[in-house]
Every structure is written in structure tokens, then in C-alpha cells.
Amino acid sequence: MMVVEQDVLVRMTVADYLRECGYRVVEAITGEEALSILGAGLKVDTILSAVKLPGAMDGFALAQRIREGFAGVEVILTTGHAMTAKKAGELCEQGPGRRPYHPHLIVDRLKLLLEKHRPKPG
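In this text, all values refer to a predicted model and were calculated from it rather than measured experimentally.

The rules we used
- Residues numbered from 1 in each chain as written.
- Predicted model: local features only at pLDDT ≥ 70, side-chain atom pairs only at ≥ 80, totals over all residues.
- Heavy atoms only, no water.
- Helix = DSSP H or I, 4+ residues; strand = E, 2+ residues; numbered from the N terminus.
- Contact = heavy atoms within 4.5 Å.
- Core = buried A, V, L, I, M, F, W, Y, C linked by side-chain atoms within 4.5 Å.
- Buried < 20%, exposed > 50% of the residue type's maximum accessible area, 1.4 Å probe, protein only.
- Pairing = 2+ DSSP bridges.
- pLDDT = per-residue confidence, 0-100.
- Right-handed = clockwise from strand over helix to strand, strands pointing away.
- Polar contact = N/O pair within 3.5 Å; in protein donor to acceptor, adjacent residues only side chain to side chain.

**Comments concerning the overall build of the protein chain**
Link 1 in the chain: When you go through the protein chain residue by residue, the secondary structure sums to 5 helices and 5 strands.
Link 2 in the chain: Summarising the internal contacts of the protein chain: among those between residues at least 6 apart in sequence, 58% fall at separations of at least 24.

What follows is the structure, encoded as C-alpha cells:
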């Protein structure tokens, strides 16, 4: 699990909550940093990213790059703007996350994504 968010308080709060829920969490500030972490070979199954990120890559561009280059990695985008949320919902299966959100809603979406990719018995 990776949390990509420029606001340190939001990022730490969400990451800490996810850790308390048993997830292994890596944090990144920019889309470029997130791609660098993935490119280094760190196993990440889901990325929670803000749409608005510092640097040249916003959350939409990050989601597109992940979709093109990292099969099996799911992306949840979060935003506080209604039009942006609509676009996020079109790009990501489990999106959008509207701000302000409660971290337990993110955990619910993570469970849905992970269940989808869990091997079926039998």
C-alpha cells in the first residue's frame, strides 16, 4: 500500500491509520517519487493518491502511468472537487474518494480491491 499526498498531516494520519489496520504502508509526496518507488521493485498492490500533487505529475497522470506500466497495481484517487471526482471515478475502479473522508472508508475500498485480486479457492 502506498499513500501519495503532499499534505504531511493528511498523509501521516491516513498512513498511520492504515498501519493500525494491519497494512504495510509506504509514503510518497509526488507522483514522480511514487513511480521511483515502484520502479525500484517495491511490491505495492494499491496506491491511494491525491489528485492534486506537487511537481509535473498530478494524480491522474500517476494513475495512467501505473495502469500502463505496473499491471496489478490498483489506484484510488482522492479529491475535494466534484468535477475532478467524476473524472477520477472514470479512471479508477474504486474511486473517487471525496474529501474530507474518513480513513475507514479507504480501508473499505482497499478490502474490495484486494478481494477482487485474491485467488479463488478450488
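**Quick look at the nonpolar core**
Link 1 in the chain: By size, the foremost hydrophobic cluster in this structure holds 20 residues, and its most contacted members are Met 2, Val 4, Leu 38, Ile 47, Leu 62 and Ile 66.
Link 2 in the chain: Elements with a minimum of two residues in this core: β1 (2-4), α2 (31-39), β3 (46-50), α3 (59-69) and β4 (74-79).
Link 3 in the chain: Counting residues in each nonpolar core, the second largest holds 10 residues, with Val 14, Leu 18, Leu 48 and Val 107 among its members.

**Description of the pairing of β4**
Link 1 in the chain: For β4, the tally of buried residues reaches 6 of 6 residues, placing the bulk of the element in the interior.
Link 2 in the chain: Alternating positions in β4 separate into two faces, Glu 74, Ile 76 and Thr 78 on one and Val 75, Leu 77 and Thr 79 on the other, with burial throughout.
Link 3 in the chain: The sheet contact formed by β3 and β4 spans 5 bridges and is parallel. Among the inter-strand pairings, Ala 50 is bridged to a residue of β4, identified as Thr 78.

**Examining the confidence of the model for the protein chain**
Link 1 in the chain: The predicted model of the protein chain averages 80 in pLDDT, with 68% of residues at 70 or higher.
Link 2 in the chain: Element-level pLDDT for the protein chain is lowest in strand β5 (residues 97-98), with a mean of 50, against a maximum mean of 98 in strand β2 (residues 26-28).

**A closer look at the pairing of β3**
Link 1 in the chain: Most of β3 is tucked away: 5 of the 5 residues are buried.
Link 2 in the chain: Burial along β3 is two-sided: the residues Thr 46, Leu 48 and Ala 50 and Ile 47 and Ser 49 are all buried.
Link 3 in the chain: By the bridge criterion, 3 bridges tie β1 to β3 in an arrangement that is parallel. Considered in β3, the bridge of Val 3 is made with Leu 48.
Link 4 in the chain: At this point the chain moves from β3, through α3, to the parallel β4, and the crossover so formed is right-handed.

**Remarks on the environment of Leu 48**
Link 1 in the chain: Along the polypeptide, Leu 48 turns up in strand β3.
Link 2 in the chain: Accessibility expressed as a relative area gives 3% for Leu 48, which makes it buried.
Link 3 in the chain: Leu 48 sits 46 residues away from Met 2 along the chain, and the two C-alpha atoms are 6.1 Å apart.

**A word on the side chain of Thr 30**
Link 1 in the chain: Residue placement: Thr 30 occurs in the loop between β2 and α2.
Link 2 in the chain: Within polar-contact distance, the side chain of Thr 30 engages the backbone nitrogen of Glu 33 at 2.9 Å.
Link 3 in the chain: If we skip the residues at most four places from it in the chain, Thr 30 touches Val 4, Leu 53 and Pro 54.

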